[in-house]
Amino acid sequence: LRREGEGFFSTDAADSSIALCAAVVDAAPAEDEEDVQGDADGDFEREVELDLDEDAISESDDDELAPSRLRAAADGAAAVVVSSALKHGSRPTRMRGMDLLVRWLASGSVKGARARLRKFLGLGEDNPLRKGVLAGLYELLDSITDDERVKAQACVARILRAVGDKVTGDYIWATLHQDFIDALIEASCRTFPLRAPDAIAVNEGAWSSDLSQQKRKASLLAACHLASTNFVVECLKFIDISAIARLCATDEQGEILGCEALAACASSESGRSALAPLVQAGELERLMREGRTTSSRSAAASAVAKLGLAAKALKAGSHETGKLLDAAAQLLKDEDPAAKDRAVEVLAGLSGSSRAKEEIAHGSGRSAASLGSICDVAKQTKGSDPRAYGLALILANLTVTNDELRRRHFREKEMDISPDQYDEFMRITKQKDPEDADNDTPDLAKARARKLCINDGVVAIATLASSNPSSETASKLADALCALATDVDMRGTLIQQGGFRSAVNLANNDKNDDRCRLSAAHAAGKVLITTDPRKLTDDQQLCAIRPLLWACRHVKATDLAVFEQLLALTNLLSLGATARRRVAVEKGIHALEYLQFSDHPEVKRAATEALCNMVPDRSMIKHLSRSDKMKLWLALCHDGVENDARLASAAVGCLAMACSDVDVARAVASNNGAAALIAVLGSADPSLVHRAAYCLTACLEDSKARALLASSDMKSAVEKASSKFAEGPAAGALKDAAAALARDWPDEEEEDPVEDDDADMKELNEFLDEE
């Protein structure tokens, strides 16, 4: 760079230089890994400064460079390359230069990012590299190219977030933030005092020099808002609301940047207070209605929506709400990406209202339906894009009622008061406006969900979910999928359009929070309850087993979710040996056994039924052969006869299928299985008696089990059951059991089967390799 001068970044080598510098920055050790040993002469202080001396590292160095020297060299190289790229590069080169700036100053730990930014800002105001980086970045904040301007704003925001501390979930303004913002403003070569222009001066361009400065300040305010809404109030110290309002009265770009700054101010409480004069003068509504560009109109609409929602001034049937919905519907069809972003922002804010949901989905006399446009925009959006969260929030809100959202909130927060009690308290204390009554119903939500599917909403959700969404976006997408899966008729659509696979992927992604993964697993479970697994592809048949078992183990999963996931697993296990092996490999037997101790009877029964379908997998047979495990199953058989016939049916059915194995038959007999079988044979349910008689017949095939089970009490129980059930399947099974008890069995020398552990392990390893 020093040899070639300014012309270097106009050559093809520019991109390679940026890529090489990025690799150096990534490879350099972090600040907390640096070698901080230095001599008494202050070598360490010299080494940790930015290394800008081309002779500092030469080929004659015999010793290895200390980590601090490598870090300093990387920082120095980044400063040189970024400064040159922003000052002399083409637009693509400037974009890559900003990417390098983020990797340099906004990556790694908070401690490391702060150390690098302090070292950079400490170079001194007259340092050409410091001025080049800061001035280049600041000038791009009012670039005529939207992509470049947005990139510069995101770059500033990333640096502010990288060096910030979070308190109560949000970032707080610190001295380092102030130093960085002040350095950006002071680095501009065109800094002029703010003076009020008249209309003639603006039209003639007399304010053009100061106008550029005000545009950059307004854009800088929007960048700080991207980092945290708490930062907006600090930005009003270098540009006030009156200056932003005057900026809106200049050229088109000034109007756009001014409206974006106003929308940012409307996001925080202090900013909304500062906007009060503009609201009273009707300036925001005028900009929303008469703005010269769609970007300015959409930003003004976003500001109006935020102000109205914060002040609870936007009633469901108000004229202002109708205007915002109609404006947003029109902006969604605009080709300008910024206009679509603002439209999504407005609709996301309004989608919490039940009436607004209906108007978004079906339209009304005052606004057109915008659901189709929302889905079209979502299909063209990546999950990592800024607008993705707003789209996911809209889709999630449309598919449920506000009452369900409220109940979910109470349940997740584990509040001592129920939603109904809270509503009664609000009614008694008269804190709830009668006009705010929520008339939404599950049927209306179901109709909106079907309208969403008709408009390719499932495809839109799948597109967002498959393109690296943030944790918050993924959580809303999972909520939408779970709500759609509630409708039985929509489950086929979820499979066909990729919703089921998206739910499985979201649940399997460890980077998503537990709430997201639970909702996604619940959605997958709902789909599999009523779907014939034989009609699914091989991948679809087995991909859901892991997330379903994970959700069953989770302590925060609701009883309903666990119950439905157990039903889904039971359905999948009907496929055969491959599904049973997958569950066994995922340690599903132990997870399902734990749920047999659940306090909820439906969960206990569903877990027992799922384990019943695990027979005859060898892991399940080994599980039942253990004495301590068999005692539980016999207890379920015995107690279920009186308390839960379906639970007893699943338990004795499992034993009936497994007792053809000698070890299981002996486990039944040696753990007082006779008492359990006698109790089941005395049941009035023919299906239970049928299973018990079949189980007894299978056990009697083994001499050791026969010695413990063939008693006079057992014969009496079989005779009584035979007299009670003279016809039907139970009669045939009882006849076989009576014959087995009366049979004169020959004496046999039986050997205990030797279990080939090595063969089992080899088979398991082969299965895992295939998977």
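Scoring rules and cut-offs
In this convention, every chain numbers its residues from 1, walking through the sequence in written order. With the structure being a predicted model, the display of local features is reserved for residues of pLDDT at least 70 and the display and counting of side-chain atom pairs for 80 or more, all residues being used for whole-chain, interface and lining totals. As a rule here, side-chain values come from all non-hydrogen atoms in the structure, and water together with hydrogens is ignored. The numbering of helices and of strands both runs from the N terminus, where a helix is a DSSP run of H or I of at least 4 residues and a strand a run of E of at least 2. Between buried and exposed lies partly exposed: a residue is buried under 20% and exposed over 50% of the maximum accessible area for its type, with that area taken using a 1.4 Å probe on protein chains only. Contacts are residue-level and defined by heavy atoms, with any inter-residue pair within 4.5 Å sufficient. As used here, the term nonpolar core means buried Ala, Val, Leu, Ile, Met, Phe, Trp, Tyr and Cys residues forming a set that is joined through side-chain atoms within 4.5 Å. Each polar contact in these results corresponds to two N or O atoms within 3.5 Å; when the atoms are within protein, one needs to be able to donate a hydrogen and the other to accept it, and residues that are neighboring in sequence are counted only if both atoms are side-chain atoms. Residue-level confidence of the predictor, termed pLDDT, takes values from 0 up to 100. By convention in this document, the label disulfide applies to cysteine sulfur atom pairs within 2.5 Å. Pairing of aromatic side chains here covers Phe, Tyr and the six-membered ring of Trp, requires ring centres within 6.5 Å, and sorts the geometry by plane angle: under 30 degrees stacked, over 60 edge-to-face, intermediate tilted. One side-chain nitrogen of Lys or Arg within 4 Å of one carboxyl oxygen of Asp or Glu is enough to make a salt bridge. Here, expected helix span is obtained from the residue count minus one, scaled by 1.5 Å. Axis definition: a line fitted to C-alpha atoms, over the contacting stretch in the case of helices. Angles run 0 to 180 degrees between N-to-C directions. Convention used here: angles under 35 degrees read as roughly parallel, angles over 145 as roughly antiparallel, angles from 65 to 115 as roughly perpendicular, and any remaining angle as oblique. Helix crossings get a hand from a simple test, with the near helix turned counterclockwise from the far one by less than a right angle marking a left-handed crossing and a clockwise turn marking a right-handed one. Residues are sorted three ways: Asp, Glu, Lys and Arg are charged, Ala, Val, Leu, Ile, Met, Phe, Trp, Tyr, Cys and Pro are nonpolar, and all the rest, Gly among them, are polar.

**Q** Can you walk me through the overall build of the chain in this structure?
**A** A count of helices and strands for the chain gives 46 helices and 2 strands. Counting over 771 residues, the chain shows a buried share of 51%. The long-range share in the chain, meaning contacts at least 24 apart out of those at least 6 apart in sequence, stands at 71%.

**Q** In this structure, what is going on with the nonpolar core? I would like to understand it.
**A** For soluble globular proteins, nonpolar side chains are generally found buried alongside one another. Core analysis: the biggest nonpolar cluster contains 230 residues, and Leu137, Phe180, Ile181 and Leu221 have the highest contact counts within it. Among residues more than four places away in sequence, those in contact with Ile181 are Leu160, Trp173, Leu220, Cys224 and Phe238.

**Q** Quick question: what am I supposed to make of the side chain of Ser519 here?
**A** Note that Ser519 resides in helix 30 (residues 514–529). A residue is classified by how much of its surface remains accessible, and Ser519, at 13% relative accessible area, is buried. Of the polar contacts made by the side chain of Ser519, one reaches the side chain of Asp479; its length is 3.1 Å. Dropping the residues within four chain positions of it, Ser519 is found in contact with Ala478, Asp479 and Cys482.

**Q** Can you walk me through the confidence of the model for the chain in this structure?
**A** Reading predicted coordinates in detail is not appropriate for stretches of low pLDDT. Confidence in the prediction of the chain, expressed as mean pLDDT, is 82, and 83% of residues score 70 or more. Within the model, the stretch residues 33–48 combines pLDDT values under 50 with 19 contacts to residues more than four positions away or in other chains.

**Q** Just to check I follow, could you spell out unusual backbone geometry for this structure?
**A** Where the residue is not glycine, phi is negative for most of them; where a peptide bond is considered, it is trans in most cases. Each neighbour pair has its own omega, and for Val615 with Pro616 the value is 10 degrees, a cis peptide bond. Notably, Asp456 is not glycine yet its phi reads approximately 60 degrees, a positive angle. Locating Asp456 in the fold gives a position in the loop between helix 25 (442–454) and helix 26 (457–465). A relative accessible area of 30% places Asp456 in the partly exposed class. Even without a glycine there, the phi angle at Asn672 is positive, about 60 degrees. Mapped onto the elements of the fold, Asn672 is located in the loop between helix 40 (662–670) and helix 41 (673–681).

**Q** Which parts of the structure should I look at to understand the state of the cysteines?
**A** Two cysteines form a disulfide when their sulfur atoms are joined by a covalent bond. With the rule as written, the count across this model stands at 0 disulfides. Of all cysteine sulfurs in the structure, the one in Cys235 sits closest to Cys265, which takes part in no disulfide; the separation is 8.3 Å. On the basis of relative accessibility, which here comes to 0%, the residue Cys265 falls in the buried class.

**Q** What is the right way to read the environment of Ala77 from this model?
**A** Here Ala77 shows up in helix 3 (residues 67–88). Between the C-alpha atoms of Ala77 and Val24, which are 53 residues apart in sequence, the distance is 8.4 Å.

**Q** Please explain the side chain of His522 as it appears in this structure.
**A** Position of His522 relative to the elements: it lies in helix 30. If sequence neighbours within four positions are ignored, His522 has contacts with Cys482, Leu560, Ala561, Glu564 and Gln565.

**Q** What is the right way to read the packing of aromatic side chains from this model?
**A** In this description, a pair of aromatic rings is defined by centroid distance and the angle of the planes. In this structure the tally under the stated criterion is 2 aromatic pairs. Their ring planes at 75 degrees and their centres at 5.4 Å tell us that Trp104 and Phe120 sit as a pair that is edge-to-face. One end of the pair, Trp104, is in helix 4 (residues 91–105); the other, Phe120, is in helix 5 (residues 110–121), with 16 residues separating them in the sequence. Of the two residues, Trp104 and Phe120, neither departs from the other in class, the shared state being buried. Where Trp173 meets Phe231, the ring centres are 5.1 Å apart and the plane angle is 80 degrees; that geometry is what we call edge-to-face. Of this pair, Trp173 sits in the loop between strand 2 (170–171) and helix 8 (175–187) while Phe231 sits in the loop between helix 10 (208–227) and helix 11 (232–235), and the two are 58 residues apart along the sequence. A relative accessible area of 0% places Phe231 in the buried class.

**Q** Looking at this structure, how should I read the pattern of salt bridges?
**A** As a working rule, side chains carrying opposite charge can pair if their charged atoms are close by. In total, this model carries 35 salt bridges according to the counting rule given. Asp617 serves as the salt-bridge partner of Arg581, at 2.9 Å between the closest nitrogen and oxygen. With Arg581 in helix 34 (residues 577–585) and Asp617 in the loop between helix 36 (601–612) and helix 37 (618–625), this residue pair connects regions lying 36 residues apart in the sequence. Between Glu602 and Arg605 there is a salt bridge, with the nearest N and O atoms lying 2.2 Å from each other. In this pair, Glu602 and Arg605 are both assigned in helix 36, 3 residues apart and thus about one turn of the helix distant. Linked through salt bridges whose partners overlap, the residues forming this network are Glu283, Arg286, Arg289 and Glu290.

**Q** Where do I start with helix 39 (residues 645–658) in this structure?
**A** Look at helix 39: 20 Å from first C-alpha to last across 14 residues, which is about the 20 Å you get at 1.5 Å a residue. Among the 14 residues in helix 39, 11 count as buried, and that is most of the element. Of all the positions in helix 39, only Leu647, Ala648, Ser649, Ala650, Ala651, Val652, Gly653, Cys654, Leu655, Ala656 and Ala658 are classed as buried. Lining the buried residues of helix 39 we find helix 36, helix 37, helix 38 (627–643), helix 40, helix 41 and helix 42 (686–699).

**Q** Help me understand the packing of helix 22 (residues 388–398) against helix 27 (residues 471–485) in this model?
**A** Describing two packed helices takes the angle between their axes plus the distance from one axis to the other. Helix 27 packs onto helix 22 with a crossing angle of 25 degrees between their chain directions and a minimal axis gap of 8 Å. Here helix 22 is positioned roughly parallel relative to helix 27, judged by the angle of their axes. Crossing geometry of helix 22 relative to helix 27 is assigned as left-handed. Counting all contacts with helix 22, which are made through Ala388, Tyr389, Ala392, Leu393, Leu395 and Ala396, the residues of helix 27 involved are Glu472, Thr473, Lys476, Leu477, Asp479 and Ala480. Looking at the contact of helix 22 with helix 27, its residues break down into 8 nonpolar, 1 polar and 3 charged.

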